[in-house]
Amino acid sequence: MHFKHPEILYFLFLLIVPVLVHLFQLRRFKISYFTNVRFLKELSIQTRKSSKIKKRLLLATRLFLLTCIILAFAQPFFEAKDSKNASNEMYIILDNSFSMQAKGKKGELLKRAVQELLENTPETTQFSLLTNTENYWNTDIKSSKSALQNLKYSATPFELPSIMAKIKAHKSAHKKDIVIITDAVGLAEKDVKNSSTEEPYFIVPEAEQKNNIAIDSVFINQTLENFYEISVNLSAYGEDFKPVSMALYNQNKLIAKTIINFDAKKKKVSFTIPKESFHGYVTIEDNGLTYDNKLYFSISKTKKTNVISIGEPEKSNFLSRIYTSAEFNYSNYSSSSLDYNSLEKQNTIILNELIEVPQALQTTLKAFVSKGGNLVVIPSEKSSISNLNAFLGNFGKIEFKNPESKSKLITKINFDHPLFSGVFENKITNFQYPKTTNSFDISSPYPAVLSYEDQSVFVTAIQNPVSGITVFSAPINTTNSNFQQSPLIVPLFYKMGQNNQKTGVNALTIGNNQPYFVDVLLTKDAILEVKGNEDSFIPIQQILNNKVKLTFNDFPETAGNYSVFDKKEWVENLSFNYKGSESDLSQVNTNVISDFKTADTISTIFNTLQTERTDSQIWKWFVIFALLFLALEMAIIKFVK
């Protein structure tokens, strides 16, 4: 037992006062004898004995009364079990990612967690509240009530290490109590164990309904003369799905609707729409999460792609048959007649069997690629290896080595490469293999697009966010190869010509930070603005000749259809969507938090901390005992004779 004011215990010396008073009352008196009192002698002895008992009882009660009063003022207490952490600071981490839309026993997980915080957090408790995107430092439940009630779901996934890093960076002289409220979807063991030196408390609300259907992507499956055939990919997470309805909207007008039966985890649904600009969304209705039930996308009015080839005309004739006037503005120049000023207006440049790439052209092409242009390099049998390597060194680590004078078959297709995405419905294993007679050995850390039978590279590509550089290891003229007669040449060169161009579905993902290029000619001081139905923002932008490079970072905050404006003039339509990383509710892994303290509700944690860290005050008991002894004293005086 401890005392808050131990100096008051010195007043225990006052206990001698009742003792002295008692002794004074017991002093001897002179005895005088009277006649005729013989019969009262026995009664006198009995009265004297009872008087002594009464005085002793009164002395005892007064001593106990005074002792209890003194001890009560000294405020005795029993020290708390965890008193050393009583001054800890409280940090509450609240996961507001889209997976918290799932429904538990009492409604949506996030809304229920917010309600419990509002109802059970003591008004006197100071804490810091951190969500996926917002931080509220050193607040209390009254001050943060409005923020909690207006808390929205975040497009930013729950990343525990980054939030814990913020807490570590928040300097404090005290230790920290950390409460983490999350559904643990996608929570990795390394993120939990390496994120904090403190031992956090976990509250993991559980979803009752884990079935969910998500729209993954939309793409143009086939381009017809007057129509687009678009396909929608969906994923089903869980089991035993009921049929769901899907609708397609353009400019908020319903243009198609269908019912989907899920007989597999993956489903592809196709629609046929007019071949014109599109600015809308596809949506489904299911009982799972709602954020992934809608996917916004845009299709721009088709523009011709500018392609130029540099090389001997007789070796480039095959390109004019691929890049037709209906979709491309194609032209060919020899290196001697090339107008360098025209290169910046191109989308794709093909170097077709140049013996040497001049230094001036190297400098121009380096700037062209950095501004979003695509480059294709086809070597000549007489190409200078040192010149090629010096040129390609500007873009990556592709390196030409010794030439090989032997016939090799091209047998392997990388169906997963972006240059072949959407080209083949099925993986082909038995096709007429093209061949080359002379080739170069290539060292490339990048995935091969096409490979020889000996696993060496025939075509490789450097893919970056703004452009693509495709490199062949052999000439493909009719003398050295029959690749021009292969059915592979058309889809390959078609894709290389349109690589990274806006010829398909526009559906950007919020937070991906992938640069986007807008074909517009701006003055030096002009600024592009992105506007939606409810909000607008100005992205980071860089003027590149006849293009503007836009970087969106974490904007916009809300998925939807947007448009790019130059002042009040419309430039282009954009569509933004949330990441689909929260869709699979079966990713919950509670094993990663098995070594940490857990609780069902926030009130349990507050009660536990209060119990373990609050001293047991017992001075009130001494006040009660003092009152009892006072009552006992009064009773003795009144009833004991």
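Residues numbered from 1 in each chain as written. Predicted model: local features only at pLDDT ≥ 70, side-chain atom pairs only at ≥ 80, totals over all residues. Heavy atoms only, no water.

A word on the sheet that holds strand β3 (residues 89–94). With mixed pairing, the six strands of this open sheet are ordered in space as β7-β6-β3-β8-β9-β35. Edge positions in the sheet fall to β7 (135–139) and β35 (597–599), since each of these pairs with one other strand and no more. Going across the sheet, the axis of each strand differs from the next one's by a mean of 20 degrees, ignoring polarity. The pairing of strand β8 (residues 176–181) with strand β9 (residues 201–203) spans three bridges and is classified as parallel. Its bridge partner being in β9, Ile-180 is matched across the sheet by Phe-202. Docked against the sheet, helix α3 (residues 109–120) engages β3 and β8, running at close to 160 degrees with respect to β3. Here helix α5 (residues 160–169) sits on the sheet and contacts β3, β6 (127–130), β7, β8 and β9; the angle it forms with β3, its principal contact strand, is near 155 degrees. (Pairing = 2+ DSSP bridges. Helix = DSSP H or I, 4+ residues; strand = E, 2+ residues; numbered from the N terminus. Axes fitted to C-alpha atoms, helices over the stretch in contact; angles between N-to-C directions. Contact = heavy atoms within 4.5 Å.)

Another aspect to go through is the packing of aromatic side chains. The final tally for this structure, using the stated rule, is 29 aromatic pairs. Geometrically, the ring pair formed by Phe-98 and Tyr-153 is stacked, given 6.3 Å between the ring centres and 20 degrees between the ring planes. With Phe-98 in the loop between β3 and β4 (103–104) and Tyr-153 in the loop between α4 (145–149) and α5, this residue pair connects regions lying 55 residues apart in the sequence. Given a relative accessible area of 6%, Phe-98 falls into the buried group. Between the aromatic rings of Phe-472 and Phe-483, the centroid separation amounts to 6.5 Å while the plane-to-plane angle is 70 degrees, which identifies the pairing as edge-to-face. Of this pair, Phe-472 sits in strand β25 (residues 468–472) while Phe-483 sits in the loop between β25 and α10 (489–498); the two residues are 11 residues apart in sequence, bridging distant segments of the chain. Residue Phe-483 is classed as buried on the basis of its relative accessible area of 0%. Ring-pair connections join several aromatic residues into one group, and the members of that group are Phe-318, Tyr-452, Phe-458, Phe-472, Phe-483 and Phe-493. Across the ring face of Tyr-452, the terminal group of Lys-408 is positioned such that the distance to the ring centre comes to 4.1 Å. The ring of Phe-565 carries Lys-531 above its face, with NZ or CZ at 5.2 Å from the centroid. (Phe/Tyr/Trp six-rings, centres within 6.5 Å; stacked < 30°, edge-to-face > 60°. Buried < 20%, exposed > 50% of the residue type's maximum accessible area, 1.4 Å probe, protein only. Lys NZ or Arg CZ within 6 Å of the ring centre and 35° of its normal.)

On to the side chain of Asp-183. Of note, Asp-183 is situated in the loop between β8 and α6 (189–193). No salt bridge is formed by the buried Asp-183, whose closest oppositely charged neighbour, Lys-210, lies at an N-O distance of 9.4 Å. Polar contacts involving the side chain of Asp-183 include one to the side chain of Ser-99, which spans 2.7 Å. (Lys, Arg positive; Asp, Glu negative; His and termini not counted. Salt bridge = Lys/Arg side-chain N within 4 Å of Asp/Glu carboxyl O. Polar contact = N/O pair within 3.5 Å; in protein donor to acceptor, adjacent residues only side chain to side chain.)

Quick look at unusual backbone geometry now. Residue Pro-556 follows Phe-555 across a cis peptide bond; omega there is -5 degrees. In this structure, Pro-556 sits in the loop between β32 (547–551) and β33 (560–566). Phi angles above zero are rare outside glycine, and Asn-252 is one such case at about 65 degrees. Residue position: Asn-252 is located in the loop between β12 (244–250) and β13 (253–260). Its identity as a non-glycine residue notwithstanding, Glu-353 has a phi of 60 degrees, on the positive side. Mapped onto the secondary structure, Glu-353 falls in strand β19 (residues 348–354).

Moving on, we get to the pattern of salt bridges. One pass over the full model with this rule turns up eight salt bridges. The salt bridge involving Arg-112 is made with Glu-116; its shortest N-O contact spans 3.7 Å. With Arg-112 and Glu-116 both in helix α3 and four residues apart, this pair spans about one turn of that helix. The class for Arg-112 is partly exposed, based on a relative accessible area of 25%. With relative accessibility at 14%, the residue Glu-116 sits in the buried group. Glu-404 is the salt-bridge partner of Lys-408, the closest N and O atoms lying 2.9 Å from each other. A relative accessible area of 23% places Glu-404 in the partly exposed class. Several salt bridges converge on common partners, so that one network encompasses Glu-404, Lys-408 and Asp-454.

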